[in-house]
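What the coordinates show
Spelled out, the chains give:
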Amino acid sequence: MLIRERSKGKTLRQLGQMFGRSHERVRKVLAKYPSRVTLLSENSVAVKLGYPVWWLTKLRKESIINPIKPGGRWLYSEEQVRLIAALIAEARKCQQCSKPRPAGYPRFCRECSQYRRKHKYESLSLEAKAKHAKRCLAWQKANQEKAKKLLSRAHRKSQAEQGRGAMIADDRS
Ligand SMILES: [Zn+2]
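What comes next is a walk through the structure. Predicted, not measured: the structure shown is a model, and the values here were computed from it.

Next up on the list: the overall build of the chain. Helix and strand counts for the chain come out as 10 helices and 2 strands. Starting at the N terminus and ending at the C terminus, the chain contains elements arranged as α-α-α-β-α-α-β-α-α-α-α-α. For the chain, whose C-alpha radius of gyration is 29 Å, the value lies well above the compact-globule estimate of 16 Å for 173 residues. Along the three orthogonal principal directions, the C-alpha set of the chain runs to about 90 × 40 × 25 Å. Counting every position in the chain, which comprises 173 residues, the buried fraction comes to 9%. Long-range contacts, defined here as pairs at least 24 residues apart, represent 39% of the contacts in the chain between residues at least 6 apart.

Quick look at the structure:
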């Protein structure tokens, strides 16, 4: 149990608190089973996974991975190493379609951010749409003359479009 928790990356102090022992006591107990817990340095983890080391550093700083640092060096348990790829995939998910997004895209994948740029309003959440409607109403109230002009222009435009549509329909008949 102790070993399993340790291999998940718990510190001696955390283990001590879990089992009601001092971290010194935990260290002694674990020292009896040295071969059962394999801890890997950041460099060897990077080599093993084929990642650049700065990736791991970045993930660690973002608290996406949580290695331990018992003596000045970051150490990873084998279980942590196994989880890294999944953790990266999870952290790099597009917030819209859940597909992985490339680096440099903070929230959405390339397709989704393009779509969102083109269709700003459609991409808003319901909450944001409600907020937008509220802002529009407030603006219309504060700028009644302008709003009237805009409205009549939009009306004329849609009338003209309908008219053109009707003409096309007439031509066809
Ligand atoms: Zn996406």
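Within the secondary structure, glycine 71 sits in the loop between helix 5 (53–61) and strand 2 (75–77). The exposed category is assigned to glycine 71, around which 6 C-beta atoms lie within 10 Å. Sequence spacing of glycine 71 and leucine 12 is 59 residues, and the spatial spacing of their C-alpha atoms is 12 Å.

What follows is about unusual backbone geometry. Of note in this structure, serine 63 is not a glycine but carries a positive phi near 60°. Mapping serine 63 onto the fold places it in the loop between helix 5 and strand 2. Overall, serine 63 belongs to the exposed group, with 8 C-beta atoms counted inside 10 Å. Although it is not a glycine, serine 98 sits at a positive phi angle of roughly 70°. Among the structural elements, serine 98 can be located in the loop between helix 6 (78–91) and helix 7 (110–118). You can call serine 98 exposed: it has 12 C-beta atoms within 10 Å.

The next point concerns the packing of helix 2 (residues 12–19) against helix 3 (residues 23–31). Two elements in contact, helix 2 and helix 3, have axes whose closest approach is 8 Å; the angle formed by their N-to-C orientations is 100°. One element, helix 2, and the other, helix 3, form an angle in the roughly perpendicular class. Touching Leu12, Arg13, Leu15 and Gly16 of helix 2 are His23, Arg25, Val26 and Arg27, all from helix 3. Taken together, the residues of the contact of helix 2 with helix 3 break down into 3 nonpolar, 2 polar and 3 charged.

Turning to the environment of histidine 23, a few remarks are in order. Inspection of the secondary structure assignment puts histidine 23 in helix 3. Sequence-wise, histidine 23 and leucine 12 are 11 residues apart; in three dimensions their C-alpha atoms are separated by 5.0 Å. Histidine 23 has contacts with Leu12, Arg13 and Gly16, leaving out every residue within four places of it along the chain.

Right, let's talk about the environment of cysteine 94 for a bit. Counting through the fold element by element, cysteine 94 comes out in the loop between helix 6 and helix 7. C-alpha of cysteine 94 to C-alpha of cysteine 109: the two residues are 15 residues apart in sequence and 5.2 Å apart in space. Not counting residues within four places of it along the chain, the set of residues in contact with cysteine 94 comprises Lys99, Arg101, Phe108, Cys109 and Cys112.

What counts, and at which threshold
Residues numbered from 1 in each chain as written. Predicted model: local features only at pLDDT ≥ 70, side-chain atom pairs only at ≥ 80, totals over all residues. Helix = DSSP H or I, 4+ residues; strand = E, 2+ residues; numbered from the N terminus. Rg over C-alpha atoms; globule rule 2.2 N^0.38 Å. Buried ≥ 20, exposed ≤ 12 C-beta atoms within 10 Å, placed from the backbone. Contact = placed C-beta atoms within 7 Å. Axes fitted to C-alpha atoms, helices over the stretch in contact; angles between N-to-C directions. Parallel < 35°, antiparallel > 145°, perpendicular 65-115°, else oblique. Nonpolar A, V, L, I, M, F, W, Y, C, P; charged D, E, K, R; others polar.

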